[in-house]
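Listed below are the residues making up each chain.
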Amino acid sequence: MDRVDQPKKQLVDYRNLLFHEGILDEQFTQLQQLQDESNPHFVVEVVSLFFQVSLRLLNELDKVFDQQNVDFKKVDSHVHQLKGSSSSVGAHRVRNACIAFRNCCNEKNIEGCLNCLQQVKQEFYLVKSKLETLFKLEQQILAADGPTSSD
Amino acid sequence: MARSGVFSRWKRSEKVDNFDLLPSDPENIHVLAVDDSLVDRLVIERLLKISSCKVTAVDSGRRALQFLGLDEDHRSPDFDVLKVDMIITDYCMPGMSGYELLKKIKESSTLREIPVVIMSSENVLTRIDSCLEEGAEDFIVKPVKLSDVRRLKNYMKIDDRARGNEDRGINKRKLRDEFTRDLTESSASFISPSSQSEFSSSSISSPSSPTWLDSPTRRLRMTNL
């Protein structure tokens, strides 16, 4: 059944790669363990929410730095939330970038913060893109398996 | 009887056949989860449900108190409130923090028996200490995992069996010792199994006791050993 095996292998390899590159960590595996027949779309749900929340926070952060006087408390608060969410879904590099960001924030270093913000954005869009690819691969497998697969 | 209905496992004056209410009925465990983070609420909810708990998730300490029938302005518990067996709350929240929520619950004569667990992304010793001193059952470092939730459920089972006519102030830390072997993450265990006599201690806040360090990967309290 090459038709099914090849995509499956591709999926497994791809997922392993994401872990290997440190883009995802064990918390993502936890999420997968929370998915079952009673809740078959859990991972996609949580991750989608994470994307939504993160995009909003990144937007808010842009606004804060657009101001004359940067409100570092706000920055810290937003980054704290972003760090929390990324940690909860296993978006390891985003989380680390947030930690670095908070350090810059503590030092009230605007230049440093802007660099950190760039870094966070980079990591976020990276993990977003990778996870979207991962989900696509999963979809393909479900489609290939046909109606017998649980949806 | 002032304290009926609000919580199921921690009634002491009501002589219910506790042992029949054992979590052979795990579906009866009702957890109130408090977290301002959308993502974390979704995850904790799922973690609890997959562990066969009923869950009510709210986004603030204020809403938690309202749900518990203990509004800030009105201290009258609502007996219609679904009984809550445990409260798990995030520490850092806008408005009322998890710590403040913990205090309010422990100050309430009707709610103080409900075990409260604190979650935090920050593993800060002083924070952990103050929460425990305030009466928190446990402190979980985020991100929360399945093994954390399983551990919490185990506490409740043991406490139910072991409580008997025990007054309030069950030292759950002692009981946790017995479950270290169940923990999947037990590397360097800092627990020194204490004698049974510790169990009858009425004080929950004994932060200097080394016995509650059951999740060494999550706590850094090595100093008191």
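As a reminder, the structure under discussion sits directly above these lines.
It should be emphasised that the depicted structure is a prediction, and the values quoted were computed from it without experimental measurement.

Quick notes on the rules
- Residues numbered from 1 in each chain as written.
- Chains lettered and ligands numbered in written order.
- Predicted model: local features only at pLDDT ≥ 70, side-chain atom pairs only at ≥ 80, totals over all residues.
- Heavy atoms only, no water.
- Helix = DSSP H or I, 4+ residues; strand = E, 2+ residues; numbered from the N terminus.
- Buried < 20%, exposed > 50% of the residue type's maximum accessible area, 1.4 Å probe, protein only.
- Contact = heavy atoms within 4.5 Å.
- Areas by Shrake-Rupley, 256 points an atom, 1.4 Å probe, with all protein chains shown as cover.
- Lys, Arg positive; Asp, Glu negative; His and termini not counted.
- Charge placed at Lys NZ, Arg CZ, Asp CG, Glu CD.
- Salt bridge = Lys/Arg side-chain N within 4 Å of Asp/Glu carboxyl O.
- Nonpolar A, V, L, I, M, F, W, Y, C, P; charged D, E, K, R; others polar.
- Pairing = 2+ DSSP bridges.
- Axes fitted to C-alpha atoms, helices over the stretch in contact; angles between N-to-C directions.
- Core = buried A, V, L, I, M, F, W, Y, C linked by side-chain atoms within 4.5 Å.
- 1 Å grid on protein atoms, 1.4 Å probe; cavity = no way out; pocket = protein on both sides within 12 Å on 5 of 7 lines; lining within 4 Å.
- Points joined across faces, edges and corners; volume = space filled by probe spheres on them.
- Parallel < 35°, antiparallel > 145°, perpendicular 65-115°, else oblique.
- Left-handed = near helix turned anticlockwise from the far one by under 90°.

What to know about the overall build of chain B
When you go through chain B residue by residue, the secondary structure sums to 6 helices and 5 strands. The secondary structure elements of chain B, listed N-terminal to C-terminal, are β-α-β-α-β-α-β-α-β-α-α. Here chain B, with 225 residues, has 56% of them falling under the buried criterion. When contacts within chain B are restricted to residue pairs at least 6 apart in sequence, those whose partners lie at least 24 apart make up 66%. For chain B, the computed accessible surface area is about 9,300 Å², with 49% contributed by carbon and sulfur atoms.

Concerning the overall build of chain A
Looking only at helices and strands, chain A has 6 helices and 0 strands in total. Tracing chain A from N to C terminus, the helices and strands come up as α-α-α-α-α-α. Looking at chain A as a whole, 46% of its 151 residues are labelled buried. Long-range contacts, defined as pairs at least 24 residues apart, comprise 66% of the intrachain contacts of chain A with a sequence gap of at least 6. Charge separation in chain A, taken as the distance between the mean sites of 17 positive and 21 negative side-chain charges, equals 5 Å.

A look at the interface of chain A and chain B
On the chain B side, the residues contacting the 23 residues of chain A number 16 residues. Summed over the shared surface of chain A and chain B, the result is 4 salt bridges. Among the secondary structure elements, those contributing two or more residues to the side of chain A that touches chain B are helix H2 (26-33), helix H3 (42-66) and helix H4 (72-89) of chain A. In terms of residues, the side of chain A that touches chain B owes the most to one element, H4(A), which gives 7 residues. Among the residues making up the side of chain A that touches chain B, the classes are represented as 8 nonpolar, 10 polar and 5 charged.

Observations concerning the sheet that holds strand S1 (residues 30-34) of chain B
All names here are of chain B. Read across the sheet, 5 strands follow the order S2-S1-S3-S4-S5 without closing on themselves; strand pairing throughout is parallel. Strand pairing shows two members of the sheet lacking a second neighbour, strand S2 (54-58) and strand S5 (138-141), which therefore form its edges. Averaged over neighbouring strand pairs, the angle between their axes works out to 20 degrees when direction is ignored. Where strand S3 (residues 86-90) meets strand S4 (residues 116-120), 4 bridges bridge the pair, whose relative direction is parallel. Each residue of the ladder has a partner; that of Ile88, found in S4, is Val117.

Re the nonpolar core
A:Val75, A:Phe101, A:Leu131, B:Leu48 and B:Ile88 are the most contacted members of the largest nonpolar core, which has 64 residues in total. If one sorts the elements of this core by residue count, H3(A) sits on top with 13 residues. In this structure B:Leu48 touches B:Val31, B:Ala33, B:Cys53, B:Val55, B:Ile88 and B:Val149, once residues within four positions along its chain are discounted. In this structure, B:Val58, B:Ala64, B:Leu70 and B:Ile118 belong to the second largest nonpolar core, which totals 25 residues.

Structural notes on the environment of B:Val141
All names here are of chain B. Assignment of secondary structure puts Val141 in strand S5. The class of Val141 is buried, set by a relative accessible area of 9%. With 113 residues separating them along the chain, Val141 and Asn28 place their C-alpha atoms 26 Å apart.

So, the layout of surface pockets
Here the second largest pocket defines a volume of roughly 390 Å³. Every residue lining the second largest pocket is counted, 26 residues in all, and those nearest its centre are A:His80, A:Gln81, B:Asp36, B:Asp90 and B:Cys92. Looking at the lining of the second largest pocket, the elements with two or more residues in it are H3 and H4 of chain A together with helix H1 (38-50) and S4 of chain B. Tallying contributions element by element places H4(A) first for the lining of the second largest pocket, with 6 residues. Residue composition of the lining of the second largest pocket, by class: 8 nonpolar, 8 polar and 10 charged.

A few points about the packing of H4(A) against helix H5 (residues 92-106) of chain A
All names here are of chain A. Relative to each other, H4 and H5 sit at 160 degrees, their axes nearing to 9 Å. Classified by the angle between their axes, H4 and H5 sit roughly antiparallel to one another. Viewed along their axes, H4 and H5 form a crossing whose handedness is left-handed. Here Phe72, Val75, Asp76, Val79, His80, Leu82, Lys83, Ser86 and Ser87 of H4 lie close against H5, whose contacting residues are Val94, Arg95, Cys98, Ile99, Phe101, Arg102, Cys105 and Asn106. Here the residues of the contact of H4 with H5 are counted per class, giving 9 nonpolar, 4 polar and 4 charged.

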